[in-house]
Amino acid sequence: MKVGDKVIVNPTLPRLHDFVWGIPMEKIKGKIMTINRIGDDDGTFYCYVEEEVYVFPCSIFIPAEGTLFLAIYERRQHEERR
């Protein structure tokens, strides 16, 4: 993953975790976020995303490109503009 990539929370994580660093999983799952910056602290990569004020471990994200979730999201956006 790199800056500018669209990402979503890995869909298998919500079943494993209710919170990520004290942030309710319900607040971030199902949202498409854009990586604004990537940091590295002691070998752990952190993603700064534009849509939230939080910093997350990059390991919780998967690329949104090519996922059914992104296709549905884009279709809904197109339908809302009509």
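Right above here is the structure, for reference.
Quantities reported herein were computed from a predicted structural model and do not represent experimental measurements. (Residues numbered from 1 in each chain as written. Predicted model: local features only at pLDDT ≥ 70, side-chain atom pairs only at ≥ 80, totals over all residues. Heavy atoms only, no water.)

### Observations regarding the packing of aromatic side chains
The tally for this structure, following the rule as stated, stands at one aromatic pair. Aromatic pair F56 and F61: ring centres 5.7 Å apart, planes at 90°, arrangement edge-to-face. Residue classification places F56 among the buried residues on the basis of a relative accessible area of 0%. Here F61 falls in the buried class, since its relative accessible area comes to 5%. Positioned above the aromatic ring of Y48, the side-chain terminus of R37 is 3.8 Å from the ring centre. (Phe/Tyr/Trp six-rings, centres within 6.5 Å; stacked < 30°, edge-to-face > 60°. Buried < 20%, exposed > 50% of the residue type's maximum accessible area, 1.4 Å probe, protein only. Lys NZ or Arg CZ within 6 Å of the ring centre and 35° of its normal.)

### Some remarks on the side chain of T34
If you trace the backbone, T34 turns up in strand β4 (residues 33-41). Polar side-chain contacts of T34 include one of 2.8 Å to the side chain of K6. (Helix = DSSP H or I, 4+ residues; strand = E, 2+ residues; numbered from the N terminus. Polar contact = N/O pair within 3.5 Å; in protein donor to acceptor, adjacent residues only side chain to side chain.)

### Thoughts on the pairing of β4
When strand β1 (residues 6-9) meets β4, the two strands line up antiparallel, connected through two bridges. What sits directly across from V7, in β4, is M33. Alignment of β4 against strand β5 (residues 44-49), held across six bridges, turns out to be antiparallel. What sits directly across from G39, in β5, is Y46. Linking β4 back to β5 in an antiparallel pair, the connection comprises two residues, with D42 at a positive phi of about 55°. (Pairing = 2+ DSSP bridges.)

### Focus: the state of the cysteines
On inspection of all chains with the given rule, the structure shows one disulfide. Between the sulfur of C47 and that of C58 lies a disulfide, 2.2 Å long from S to S. Classification of the bridge connecting C47 and C58 rests on its S-S torsion, roughly 120°, and on that basis the disulfide is right-handed. Taken together, the residues span a long stretch of sequence, with C47 in strand β5 and C58 in the loop between β6 (55-57) and β7 (61-63) at a distance of 11 residues. With respect to burial, C47 and C58 carry one shared label: buried. (Disulfide = S-S within 2.5 Å.)

In short, the description is geometric, and any link to function would need to be established separately.
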